[in-house]
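Coordinate analysis (summary)
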Amino acid sequence: MKFPGVPAMDATTLLKKDHDAVLQLFREFAEAGSDAEARRSLYRNIRQELQTHSRVEEHVFYPAVMRLRAEPAREAVRDALEDHHVVDGLLAELDQLDPEDARYGDKMQTLQESVERHIEAEEDALFAQARIHLTDERLERLGRDMAILKESLAGEAAAVGSGASRAVVRA
Ligand SMILES: [Fe+2]
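If you're wondering where the values come from, they're calculated on a predicted model, not measured in any experiment.

What counts and what doesn't
Residues numbered from 1 in each chain as written. Predicted model: local features only at pLDDT ≥ 70, side-chain atom pairs only at ≥ 80, totals over all residues. Helix = DSSP H or I, 4+ residues; strand = E, 2+ residues; numbered from the N terminus. Buried ≥ 20, exposed ≤ 12 C-beta atoms within 10 Å, placed from the backbone. Contact = placed C-beta atoms within 7 Å. Axes fitted to C-alpha atoms, helices over the stretch in contact; angles between N-to-C directions. Parallel < 35°, antiparallel > 145°, perpendicular 65-115°, else oblique. Left-handed = near helix turned anticlockwise from the far one by under 90°. Nonpolar A, V, L, I, M, F, W, Y, C, P; charged D, E, K, R; others polar. pLDDT = per-residue confidence, 0-100. Expected span 1.5 Å × (residues − 1). Arc of directions from axis to C-beta.

Comments concerning the overall build of the protein chain
Looking only at helices and strands, the protein chain features 6 helices and 0 strands. Put simply, the protein chain runs from its N terminus to its C terminus through helices and strands in the order α-α-α-α-α-α. Looking at the 171 residues of the protein chain, the share that counts as buried comes to 25%. Considering only intrachain contacts with a sequence separation of at least 6, the fraction spanning at least 24 residues in the protein chain is 72%.

See the structure below:
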């Protein structure tokens, strides 16, 4: 599978960009106030971002870090996987709630806090460990592998969403 258009970017920079993107979506969600339609559509984007991010980390980045002999690095991956589990559970709950539901706001707040904690821990512990133990070349290769996986997941999501939007994603 070749994606010549994928720009070179090291793994932690790519993941940090994902983090920033989802934090921005949470800010937009807060700004949407009580606009249920806007909240629904922003929630869909947040879920898509989080699920893609987790899959990319779990398929490419975490296995590479788990292969290191450094125990603090491996421990950071185990912690991060627990965070993903919590986030997945909250997404499953939110999927069943309407934005007008009284519990919706609190649940979104919990999701945001969990994601913020995950991001902080990951950037402080895991990325730091990865930069110590992985060479620049290896980080670049992992970054490229993740960018490719992200592209194919975006294509999949668009195909599920609608046939029309697929062309836009792959253009
Ligand atoms: Fe992450």
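Examining the packing of helix H1 (residues 11-31) against helix H2 (residues 36-66)
To characterise two packed helices, one gives the angle between the axes of the helices and the distance between these axes. Axis separation between H1 and H2 bottoms out at 10 Å; the angle between their running directions is 160°. Judged on the interaxial angle alone, H2 and H1 are roughly antiparallel. For the pair H1 and H2, the crossing hand works out as left-handed. Contacts from Ala11, Leu15, Asp18, Ala21, Val22, Leu25, Phe26, Glu28 and Phe29 in H1 reach Arg39, Leu42, Asn45, Ile46, Glu49, Leu50, His53, Glu57 and Phe61 in H2. In terms of residue class, the contact of H1 with H2 is made up of 11 nonpolar, 2 polar and 5 charged.

Quick word on the confidence of the model for the protein chain
Residues of the protein chain with pLDDT of at least 70 account for 89%, and the chain-wide mean is 89. Every residue in residues 163-171 scores below 50 in pLDDT, and together they form 8 contacts with partners more than four places removed in sequence or on other chains.

What to know about H1
With 21 residues, H1 should cover 30 Å at 1.5 Å per step; its first-to-last C-alpha distance of 31 Å lies within 8% of that length. All of the buried residues along H1 are Ala11, Thr12, Leu14, Leu15, Val22 and Leu25. Relative to the axis of H1, the buried residues are bounded by an arc of 165° and lie together on one face. Residues of H1 that are exposed and point more than 90 degrees away from the buried face comprise Lys17, Asp20, Gln24, Arg27 and Glu31. Remark: Gly33 follows H1 within two positions and exhibits a positive phi of approximately 55°.

Some details on the environment of Met108
As for its placement among the helices and strands, Met108 is situated in helix H4 (residues 102-133). Linking Met108 and Leu90, residues 18 residues apart in sequence, is a C-alpha distance of 8.3 Å. When sequence neighbours within four positions are dropped, the list of residues in contact with Met108 reads Phe29 and Leu94.

Considerations on helix H3 (residues 71-95)
Between its terminal C-alpha atoms H3 stretches 36 Å, which fits the 36 Å expected from 25 residues at 1.5 Å a residue. Three or more residues of H3 are buried, namely Ala73, Ala76, Val77, Ala80, His84, Val87, Leu90 and Leu94. For H3, the elements touching its buried residues are H2 and H4.

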